[in-house]
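Letter by letter, the chains look like this.
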Amino acid sequence: MSSDTAGTHGFQQQRGKRRSGHLPRALEQWRTLFSLAREVASSLDPQKVLTSVVEEARRFVGTDTAFISLIPPDKEELRVTAWSGLRSIEMQQLVLRVDEGIAGVVLAEGKPVIVEDFSKWLRPRGLPTRAIEAEGLVSNIAVPFAARGKTLGVLYVANRRPTAFSEEQAELLEALASMAALAVENGRMYESVRRLQY
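The shown structure was predicted, so the numbers you read here are calculated from the model rather than taken from an experiment.

Burial analysis of strand β6 (residues 150-159) places eight of its 10 residues in the buried class, which makes it a mostly covered element. Looking at chain direction, strand β1 (residues 65-70) and β6 are connected through six bridges and run antiparallel. Residue Ile68 lies in a different strand from β6, and its bridge partner there is Leu155. Strand direction decides the pairing type here: strand β5 (residues 139-147) and β6, joined by nine bridges, are antiparallel.

Right under this line is the structure:
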């Protein structure tokens, strides 16, 4: 066997070990995710669901804050609707057009956006700098909050220090957001039916 072949074989063995070591952690993360999703989906109260989502998302990823901005009916804007860990009025009451800031990119592209350092982000269009500075945020993940092909808003988790969030974390957060958005949509439908009945 040549040294090149041996080197390749050794790399494959090491990669296999990394994968096998990574698998239990990934499975545990998905178990946690589905457990959280079941808890969130058990309620038909949209506001209760939103509050649970931000608290669980913050704990799940291990961030300083988490918040959801929703698009009100018949409006082209995003309003912060639920949060955990936010300190500033500027961020708690933040309103953006749907084409502004990180949310604008998430909504336009329909996929997560990871920012390691806001001060170095190369797509600052409409970035709410004043609110970000008031809150002291540095890094975040933002994912679509969508159900049944309908985008309801954006879910964020954020830190007050530079953080190299991973694509895996973004994927898990997006999965949680999708399940929670479905629960919110179900709750809205339930409320609409109940109003028709009374």
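A few words on the confidence of the model for the protein chain. When pLDDT is averaged across the protein chain, the result is 81; 75% of the residues are at 70 or more. Mean pLDDT values over the elements of the protein chain span from 55, in helix α1 (residues 3-41), up to 97, in helix α3 (residues 89-92). Per-residue pLDDT stays below 50 along residues 1-20; that stretch engages in two contacts with residues further than four places along the chain or on separate chains.

Let's shift gears to the side chain of Ser84. Take Ser84: it is sitting in strand β2 (residues 77-84). One polar contact links Ser84 to Arg58, side chain to side chain, over a distance of 3.0 Å.

Moving on, we come to helix α4 (residues 101-109). Within the sequence span of α4, burial applies to Gly101, Ile102, Ala103, Gly104, Val105 and Val106. Looking at the buried positions of α4, the neighbouring elements they touch are β2, β4 (113-115), β5 and β6. At the C-terminal side of α4, Gly110 shows a positive phi close to 65 degrees.

What follows is about the sheet that holds β2. With antiparallel pairing, six strands are arranged side by side in an open sheet as β3-β2-β1-β6-β5-β4. Whereas interior strands pair on both sides, the edge strands pair on one side only; in this sheet they are β3 (95-97) and β4. Geometrically, the sheet is characterised by an average inter-axis angle of 25 degrees between neighbouring strands, direction not taken into account. The strands that α4 touches are β2, β4, β5 and β6; relative to β6, the one it contacts most, it runs at about 135 degrees.

Here we come to helix α2 (residues 46-61). With 16 residues, α2 should cover 22 Å at 1.5 Å per step; its first-to-last C-alpha distance of 22 Å lies within 8% of that length. Inspection of α2 places Pro46, Val49, Leu50, Val53, Val54, Glu56, Ala57 and Val61 among the buried residues, and these make up the whole buried set. One or two steps after α2, the chain reaches Gly62, where phi turns positive at roughly 80 degrees.

What counts and how
Residues numbered from 1 in each chain as written. Predicted model: local features only at pLDDT ≥ 70, side-chain atom pairs only at ≥ 80, totals over all residues. Heavy atoms only, no water. Buried < 20%, exposed > 50% of the residue type's maximum accessible area, 1.4 Å probe, protein only. Helix = DSSP H or I, 4+ residues; strand = E, 2+ residues; numbered from the N terminus. Pairing = 2+ DSSP bridges. pLDDT = per-residue confidence, 0-100. Contact = heavy atoms within 4.5 Å. Polar contact = N/O pair within 3.5 Å; in protein donor to acceptor, adjacent residues only side chain to side chain. Axes fitted to C-alpha atoms, helices over the stretch in contact; angles between N-to-C directions. Expected span 1.5 Å × (residues − 1).

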